[in-house]
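# Structural characterization, general
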Amino acid sequence: MAIHHFFVANRDIVLFVYGQVFFVLGMAIALQSWRHSRLVLARSLPWLAAFGFAHALHEWGYIFIPIQQGYVAPPLIGMLIGAQIVLLALSFALLFQFGIEILRPLPGRWRYLRYLPTCLLLLWLWWAFFPALITAPSMPEWQVKTSIAARYALGLPGALVAAYGF
């Protein structure tokens, strides 16, 4: 119970450090990927760097959007929350693409698998901003519902494919 109270009391610090870890991951990989290499993994690293940057921005949104609520009109806050959720889905799609790029070249009919992350992201975007947004009773409920959908539809398969690729 003491650990729970620690994390609740220090939520902003934990979220900032968590986002910083992803940002440093993206920066380190981006700087390393400038070097020439013939390894398939090295050619796929820009996707992982982009994942790190996008996921860091998403996590930092939990800190900076509430700060902006005192200064910005509510419709703009809604747009910022929407952008934050899109960053989450985009980050997971980038991780998914990284995993698929590691597996390339894909044989035969599997070569079209490289378009799966983009197709899933577009499907998720359509669902999040049309059926889910229209039927959600409130913005916080929409945020939770779309976040969960992004994690299951893009994050889980992305993590599994990346792990398999490694």
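These notes cover the structure that comes with them.

Quick notes on the rules
- Residues numbered from 1 in each chain as written.
- Predicted model: local features only at pLDDT ≥ 70, side-chain atom pairs only at ≥ 80, totals over all residues.
- Heavy atoms only, no water.
- Patch = residues over 30% accessible without salt bridge, like charges linked within 9 Å, V, L, I, M, F, W, Y side chains within 5 Å.
- Areas by Shrake-Rupley, 256 points an atom, 1.4 Å probe, with all protein chains shown as cover.
- Salt bridge = Lys/Arg side-chain N within 4 Å of Asp/Glu carboxyl O.
- Helix = DSSP H or I, 4+ residues; strand = E, 2+ residues; numbered from the N terminus.
- Buried < 20%, exposed > 50% of the residue type's maximum accessible area, 1.4 Å probe, protein only.
- Core = buried A, V, L, I, M, F, W, Y, C linked by side-chain atoms within 4.5 Å.
- Contact = heavy atoms within 4.5 Å.

### Focus: a nonpolar patch on the surface
Together, I13, F16, V17, V21, F64, I67 and Y71 make up an exposed nonpolar region whose accessible area comes to about 740 Å². When residues of the nonpolar patch are traced back to their parent elements, those giving at least two are α2 (11–32) and α3 (40–68). Top element by residues in the nonpolar patch is α2. It accounts for four residues. Judged by relative accessible area, which is 51%, V21 ranks as exposed.

### Focus on unusual backbone geometry
For the peptide bond that leads from R104 to P105, omega is 0°, which places it in the cis range. With respect to the helices and strands, the residue P105 is situated in the loop between α4 (74–103) and α5 (116–129).

### With respect to the nonpolar core
Grouped together as the largest cluster of nonpolar side chains are 34 residues, with contacts concentrated most on L48, F51, F98, W124, W142 and L154. Of all the secondary structure elements, the ones that give two or more residues to this core are α2, α3, α4, α5 and α7 (139–165). Sort the elements by how many residues they give to this core and α4 lands first, with eleven residues. Those residues in contact with W142, other than ones at most four positions away along the chain, are I81, G82, I85, A128, F129, A132, L133 and A136.

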